[in-house]
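Examining the three-dimensional arrangement
Residues per chain are reported as follows:
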Amino acid sequence: MILPIIAYGDPVLRKRAKEIEPGSVDVKKLSDDMFETMYKASGVGLAAPQIGQSIRMFVVDGQPFNEGEKDEDIDQSLIDFKKTFINPEIIEEAGDDWGFEEGCLSIPGIRGEIFRPEIVVIRYFDTDWNEHEEEFDGMAARIIQHEYDHLDGKLFTDYLPALRRQLIKKKLSDITKGKTDAEYRMRFPK
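Attention here is on the structure that accompanies the text.

**Some words on the overall build of the protein chain**
In terms of regular secondary structure, the protein chain is built from four helices and seven strands. Starting at the N terminus and walking to the C terminus, you meet the elements of the protein chain as β-α-β-β-β-β-β-α-α-α-β. In terms of principal-axis extent, the alpha carbons of the protein chain reach across some 40 × 40 × 30 Å. Here the protein chain, with 190 residues, has 45% of them falling under the buried criterion. Considering only contacts in the protein chain between residues 6 or more positions apart, those separated by 24 or more positions represent 69%. Working note: accessible area of the protein chain is about 9,900 Å², and carbon and sulfur atoms make up 48% of it. Considering the protein chain, the positive charge centre built from 26 side chains and the negative charge centre built from 38 side chains are found 12 Å apart.

Rendered as structure tokens:
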């Protein structure tokens, strides 16, 4: 089922999400719905708070970044990078910070260069409640860090320089009021 994406300004995007108790949520169904919603919005990641659920879960599929790329330009970190992360915990971030222009489905039409560490080690559960601890680098690490931030109530715009944040204030206010041309269904703050 395709769900509406929660727009900037909704308090759920600023809350620290709660851990999921096994059996309390149908994580397989929710994961399927989240992937379907993410694909409909042409995203590469979606966190549960972005569909109005303040729980510690997100889905990722970085393969769209490799579509249409020449073989030598394929990002190896994104091959088979389709996963559901439940109750994730970042154990370590390492390597040099590198910049990339990020966007967010909850903040359509706004992008900004964000610097993040190149390596992340994360512990999480899959939809069968198997525990994993894995290391990701490059774009895969970035996608994880961006989605993980959502679980802690942080948005990519929080990392922008103060002047840039000032310059996008009106656009953010417009999104909160429903003034956006997103090509997917959204739910706006009341």
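**Comments concerning the sheet that holds strand 5 (residues 112-125)**
Spatially, five strands are ordered 2-3-4-5-6 in an open sheet, and the strand pairing comes out antiparallel. Every interior strand has two partners, whereas the edge strands, strand 2 (45-47) and strand 6 (131-137), have only one. Averaged over neighbouring strand pairs, the angle between their axes works out to 30° when direction is ignored. When strand 2 meets strand 3 (residues 57-61), the two strands line up antiparallel, connected through three bridges. By the bridge assignment for strand 3, Ala47 is matched with Phe58. Sitting on the sheet, helix 1 (residues 27-40) touches strand 2, strand 3 and strand 4 (82-102), and the angle it makes with strand 3 is about 50°.

**With respect to the nonpolar core**
Of all hydrophobic cores here, the largest spans 31 residues; its most connected members are Met34, Leu46, Met57, Ile107 and Ile110. The set of elements that each furnish at least two residues to this core consists of helix 1, strand 3 and helix 4 (169-176). Take this core: its biggest share by element is five residues, from helix 1. Those residues in contact with Met57 that lie beyond four places of it in its chain are Ile20, Val27, Leu30, Ser31, Met34, Ala47, Ala48, Thr84, Phe85, Ile86 and Leu151.

**As for empty space enclosed by the protein**
Enumeration according to the criterion identifies one cavity of 30 Å³ or more in this entry. Estimates place the volume of the largest cavity at around 30 Å³. Taken together, Ile2, Leu3, Ile5, Thr37, Lys40, Ala41, Tyr184 and Arg185 make up the full set of residues lining the largest cavity. Its residues placed into classes, the lining of the largest cavity shows five nonpolar, one polar and two charged.

Calculation rules
- Residues numbered from 1 in each chain as written.
- Predicted model: local features only at pLDDT ≥ 70, side-chain atom pairs only at ≥ 80, totals over all residues.
- Heavy atoms only, no water.
- Helix = DSSP H or I, 4+ residues; strand = E, 2+ residues; numbered from the N terminus.
- Buried < 20%, exposed > 50% of the residue type's maximum accessible area, 1.4 Å probe, protein only.
- Contact = heavy atoms within 4.5 Å.
- Areas by Shrake-Rupley, 256 points an atom, 1.4 Å probe, with all protein chains shown as cover.
- Lys, Arg positive; Asp, Glu negative; His and termini not counted.
- Charge placed at Lys NZ, Arg CZ, Asp CG, Glu CD.
- Pairing = 2+ DSSP bridges.
- Axes fitted to C-alpha atoms, helices over the stretch in contact; angles between N-to-C directions.
- Core = buried A, V, L, I, M, F, W, Y, C linked by side-chain atoms within 4.5 Å.
- 1 Å grid on protein atoms, 1.4 Å probe; cavity = no way out; pocket = protein on both sides within 12 Å on 5 of 7 lines; lining within 4 Å.
- Points joined across faces, edges and corners; volume = space filled by probe spheres on them.
- Nonpolar A, V, L, I, M, F, W, Y, C, P; charged D, E, K, R; others polar.

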